[in-house]
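Report on the structure
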Amino acid sequence: MGRWIPVVIVGGGLLLVWPAVAMLVNYPVAAARLAQGAQLTCETAWRCAQELNRPIIPFPGQLWSGFLALSWPLTTSTLPYNALYTAAETVAGLLLALGVGSLTGGVLAFSPAFERMVLPWLVASQNVPIIALAPVIAVLLGQFGVQGLLPKAIVSAYIAFFPLSIGIARGLRQVDPLQLDLMRTYSSSPWQVLLWLRIPAALPMIVTSLKVSVTMALVGAMIAEISIVSFAGLGPMILGRLQFSDTTGLWVIMIYAAGIGILMVQGIRLLEQLLRVGRP
Amino acid sequence: MKVVQGLGLLLGLVVLVLTVVVMPAGWGWGLWGGWILTVLSLWRWLRPLWLPPLAALLATLLLIEGLLRGYEVPAGLIPPPTRVLQACWTLRELLWRDVIQTFFLEALLGLALGAGLGLGLAILMTYVPWLQRGLLPYLAALASVPIPAFAPVMITALGIDWPSKAAVVAVVVLFPFVISVVKGLNEIPPELVDLLHSYHATPWQRLRWVRWPHALPYVFNALKITVTLAAIAAIAAEFMGSPSYGLGFRIRSEAGRFQFDRVWAAIVYATAGSTILFNLVVSLEKRLLFWQRR
């Protein structure tokens, strides 16, 4: 229990500071609008600052009502559905990347020539802002008639692919030589070695690289959503709110998106712990 | 042999420069000839380690070029590599303006801000340990906000120009930076702490002479991780809204107008920029941390 006390104290402090900061940044805006003689229902700048339509930083109350307005009722135009849609794109993308990455990682691990040619580029690609390619891929896929959830899943798979395939290749080769010798004394076939020794040994590393790539995969899915015409997901919702500069709505969407990100990372953590069960 | 190689290098470079600057008809093949000649003459000086990847890259690019031309794929859809190089040259002024916006104003200033803040927080955390347990979960939560959801909030608060993107970059790099530096500040040989204690050193002296030199390698590690992240964050944030320049803006708007050679040119610039930045950090690290054995 003791380790939660500092978390609660800092959280409480942030909650206390929040309205003060919101007042600090919103007050000048409200004062300026009052001075311009805008038709407002409030009298003093102090009150107006708390009721701005487009606050720079929303007050807790404003954020809460915005949250309720965007979360209920459960239709295709509110946030829960769209957040789940984006999450589904990301999960589909991660699974796709896992499939393709296993193939590439396997070839990398077992063909030294291929590895020498390709691995430096795979490693160097981590220095490349690969997110820059997301709009290109999304638009190209749309051009070839790929529509719906798939193009976004492919983009997020592509983002996750690079770290994953490196992780898989490293994991598959990271085998205890003693155990390898043991398998050899059992005269086991290469497939048996792969199935019973290499894949189990590689799993922790694969999960670690999944953890690295999941946040960026989510980013990739959202970038793909805004790069092509799409009707569901957090990306289109953000663009819609941005058009009306609905600050409170954008804050609410940000909280939802952060929720998805945190949930996914925690999900992979859970997977990691499940894999650790039964290991020395 | 050396003379032949030198002549080959000279000829290759001249062909390269000429084809790029003058761009005669059929210049694409001249470009390839120049590249191949240059690489062939540099063959000896290239480290053997670099050869397979370089050969793979050249072969892939040539293959793409050949396939695209052979099947007559419309250049607007997937431009052949030579077209992209051409766009890199003809759009150099426009793209340079984008590079200034994205790398210098957004990524670098944001990185400086985030790194400074991270350093301050990390030092504070080593002296107030409960803050470490209290603050880190919030920083972790902040780090898992996807950039496309975070950037619009910053854009509405700070305006559409570069300060909003610099703020996004600062927040994105903050968490990895704090984590890495706190680890470095805490990893100090206990006998050094005892020694300084016996010297009756002040907290400032402890920080200056023990903690800081020990943390410096971690600071550079953090910089190496975050410098690429900063470029990614700046570009991704620009996708959500930007004035009419910036590499992210360029990529998204030209992709929407099917000007793919321009898109790829912008990507080439972005890649070059982040590679150069990363290597700058590495060379700075080598110069400053000369006592570290590698």
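Just so we're clear, the structure is a prediction, and the values are computed from it rather than from any experiment. (Residues numbered from 1 in each chain as written. Chains lettered and ligands numbered in written order. Predicted model: local features only at pLDDT ≥ 70, side-chain atom pairs only at ≥ 80, totals over all residues. Heavy atoms only, no water.)

1. What to know about the overall build of chain A
Regarding its fold elements, chain A presents 11 helices and 0 strands. Its C-alpha atoms give chain A a radius of gyration of 25 Å, clearly above 19 Å, the size a compact globule of 280 residues would have. Principal-axis analysis of the C-alpha atoms gives chain A an extent of 85 × 55 × 35 Å. Counting over 280 residues, chain A shows a buried share of 49%. In chain A, once contacts between residues fewer than 6 apart in sequence are set aside, the share between residues at least 24 apart is 72%. Working note: accessible area of chain A is about 14,600 Å², and carbon and sulfur atoms make up 70% of it. Mean positive and mean negative side-chain charge positions of chain A (15 and 9 charges, respectively) differ by 6 Å. (Helix = DSSP H or I, 4+ residues; strand = E, 2+ residues; numbered from the N terminus. Rg over C-alpha atoms; globule rule 2.2 N^0.38 Å. Buried < 20%, exposed > 50% of the residue type's maximum accessible area, 1.4 Å probe, protein only. Contact = heavy atoms within 4.5 Å. Areas by Shrake-Rupley, 256 points an atom, 1.4 Å probe, with all protein chains shown as cover. Lys, Arg positive; Asp, Glu negative; His and termini not counted. Charge placed at Lys NZ, Arg CZ, Asp CG, Glu CD.)

2. Some thoughts on the interface of chain B and chain A
At the junction of the two partners, chain B supplies 45 residues and chain A supplies 43 residues. Across the contact surface, chain B and chain A share 0 salt bridges. Taken together, the links from chain B to chain A amount to 3 residue pairs in polar contact (both at pLDDT 80 or more). Breaking the side of chain B that touches chain A down by element, the ones donating at least two residues are α3 (51-70), α6 (129-143), α7 (147-158), α10 (203-239), α11 (247-256) and α12 (260-288) of chain B. Among the elements that take part in the side of chain B that touches chain A, α12(B) stands out by supplying 9 residues, more than any other. (Salt bridge = Lys/Arg side-chain N within 4 Å of Asp/Glu carboxyl O. Polar contact = N/O pair within 3.5 Å; in protein donor to acceptor, adjacent residues only side chain to side chain.)

3. Thoughts on the nonpolar core
A general feature of soluble globular proteins is that nonpolar side chains tend to end up buried together. If you look at the biggest cluster of nonpolar residues, it comprises 146 residues, and the most contacted ones within it are A:Leu79, A:Ile131, A:Leu234, B:Val168 and B:Val178. Residues A:Val175, A:Leu180, A:Met183 and A:Val193 belong to the second largest nonpolar core, which totals 5 residues. (Core = buried A, V, L, I, M, F, W, Y, C linked by side-chain atoms within 4.5 Å.)

4. Some words on the side chain of B:Asp261
Residue and element names in this part refer to chain B. Turning to its location among the elements, aspartate 261 is positioned in helix α12. Judged by relative accessible area, which is 15%, aspartate 261 ranks as buried. In this view, aspartate 261 contacts Pro79, Arg83, Val84 and Ala87; residues no more than four positions away in its chain are not counted.

5. Digging into the packing of helix α9 (residues 190-227) of chain A against α7(B)
In contact at an axis separation of 8 Å, α9(A) and α7(B) are set at 65° when each is read in the N-to-C sense. Here α9(A) contributes A:Val219, A:Met222 and A:Ile223 to the contact with α7(B), which in turn contributes B:Ile147, B:Pro148 and B:Ala149. (Axes fitted to C-alpha atoms, helices over the stretch in contact; angles between N-to-C directions.)

6. Examining the pattern of salt bridges
Overall, the coordinates contain 9 salt bridges over all chains when judged by the stated rule. For the salt bridge of A:Asp246 with A:Arg241, the shortest nitrogen-to-oxygen distance reads 3.1 Å. For B:Asp98, the salt bridge goes to B:Arg250, with nearest N and O atoms at 2.7 Å. Of this pair, B:Asp98 sits in helix α5 (residues 92-127) while B:Arg250 sits in helix α11, and the two are 152 residues apart along the sequence. Each member of the pair, B:Asp98 together with B:Arg250, is buried.

7. Topic: the environment of A:Tyr256
Residues and elements named next belong to chain A. As for its position among the elements, tyrosine 256 is in helix α11 (residues 247-276). For tyrosine 256, a relative accessible area of 18% translates into the label buried. It is 35 Å that separates the C-alpha atoms of tyrosine 256 and proline 200, two residues lying 56 residues apart in sequence.

8. Details of the environment of A:Ala22
All names here are of chain A. With respect to the helices and strands, the residue alanine 22 is situated in helix α1 (residues 5-35). For the pair alanine 22 and proline 58, spaced 36 residues apart in the sequence, the C-alpha separation amounts to 6.4 Å. Leave out the neighbours within four places in its chain, and alanine 22 touches Ile57, Pro58 and Phe59.

9. Comments concerning the confidence of the model for chain B
Residues and elements named next belong to chain B. Predicted confidence across chain B gives a mean pLDDT of 82, with 87% of residues reaching 70 or more. Averaged over each element, pLDDT in chain B is lowest for helix α1 (residues 2-22) (68) and highest for α7 (91). Across the interfaces of the predicted complex, the ipTM metric reaches 0.86, alongside a pTM of 0.83. (pLDDT = per-residue confidence, 0-100.)

10. Examining the packing of aromatic side chains
Residues and elements named next belong to chain A. Counted under the stated rule, the structure contains 7 aromatic pairs over all chains. Both rings, one in tyrosine 81 and one in tyrosine 85, keep their centres 6.2 Å apart while their planes meet at 40°; by these two values the pair is tilted. Pair noted here: tyrosine 81 and tyrosine 85 are both in helix α4 (residues 79-110), with a separation of 4 residues, about one helical turn. Ring centres of tyrosine 158 and phenylalanine 162 lie 5.6 Å apart, and the angle between their planes is 85°; this geometry places the pair in the edge-to-face category. In this pair, tyrosine 158 and phenylalanine 162 both sit in helix α7 (residues 149-173), 4 residues apart, roughly one turn of the helix. For the pair shown, tyrosine 158 and phenylalanine 162 are each scored as buried. (Phe/Tyr/Trp six-rings, centres within 6.5 Å; stacked < 30°, edge-to-face > 60°.)

11. Points about the packing of helix α3 (residues 60-71) of chain A against α11(A)
Residues and elements named next belong to chain A. In the contact formed by α3 and α11, the axes pass within 9 Å of each other and the chain directions differ by 70°. Accordingly, the angle class assigned to the pair α3 and α11 is roughly perpendicular. The residues of α11 that touch α3, namely those facing Gln62, Leu63, Gly66, Phe67, Leu70 and Ser71, are Thr248, Gly249, Trp251, Val252, Ile255 and Tyr256. Of the residues assigned to the contact of α3 with α11, the class counts are 7 nonpolar, 5 polar and no charged. (Parallel < 35°, antiparallel > 145°, perpendicular 65-115°, else oblique. Nonpolar A, V, L, I, M, F, W, Y, C, P; charged D, E, K, R; others polar.)

12. A closer look at unusual backbone geometry
For the bond from A:Trp72 to A:Pro73, the omega torsion is -5°, close enough to zero to count as cis. Looking at where A:Pro73 falls in the secondary structure, it is placed in the loop between α3 and α4. Of note, B:His200 is a non-glycine position whose phi angle comes to about 65°, a positive value. Within the secondary structure, B:His200 is located in the loop between α9 (190-198) and α10.

13. Description of the environment of B:Arg211
Residues and elements named next belong to chain B. Looking at the secondary structure, you find arginine 211 in helix α10. Sequence separation between arginine 211 and leucine 185 is 26 residues; the distance between their C-alpha atoms is 5.4 Å. Contact partners of arginine 211, with chain neighbours within four places excluded, come to Thr126, Tyr127, Leu185, Asn186, Ile188 and Arg206. Among the polar contacts listed, one links the side chain of arginine 211 to the backbone oxygen of leucine 185, at a separation of 2.8 Å.

14. Overview of the side chain of B:Glu106
Residues and elements named next belong to chain B. Following the sequence through the fold, glutamate 106 ends up in helix α5. Of the buried charged residues, glutamate 106 lacks a salt bridge, with lysine 165 as the closest side chain of opposite charge at 5.0 Å. Discounting chain neighbours no more than four positions away, the residues touching glutamate 106 are Gln101, Leu111, Trp162, Lys165, Ala166, Val169, Ala234 and Glu238.

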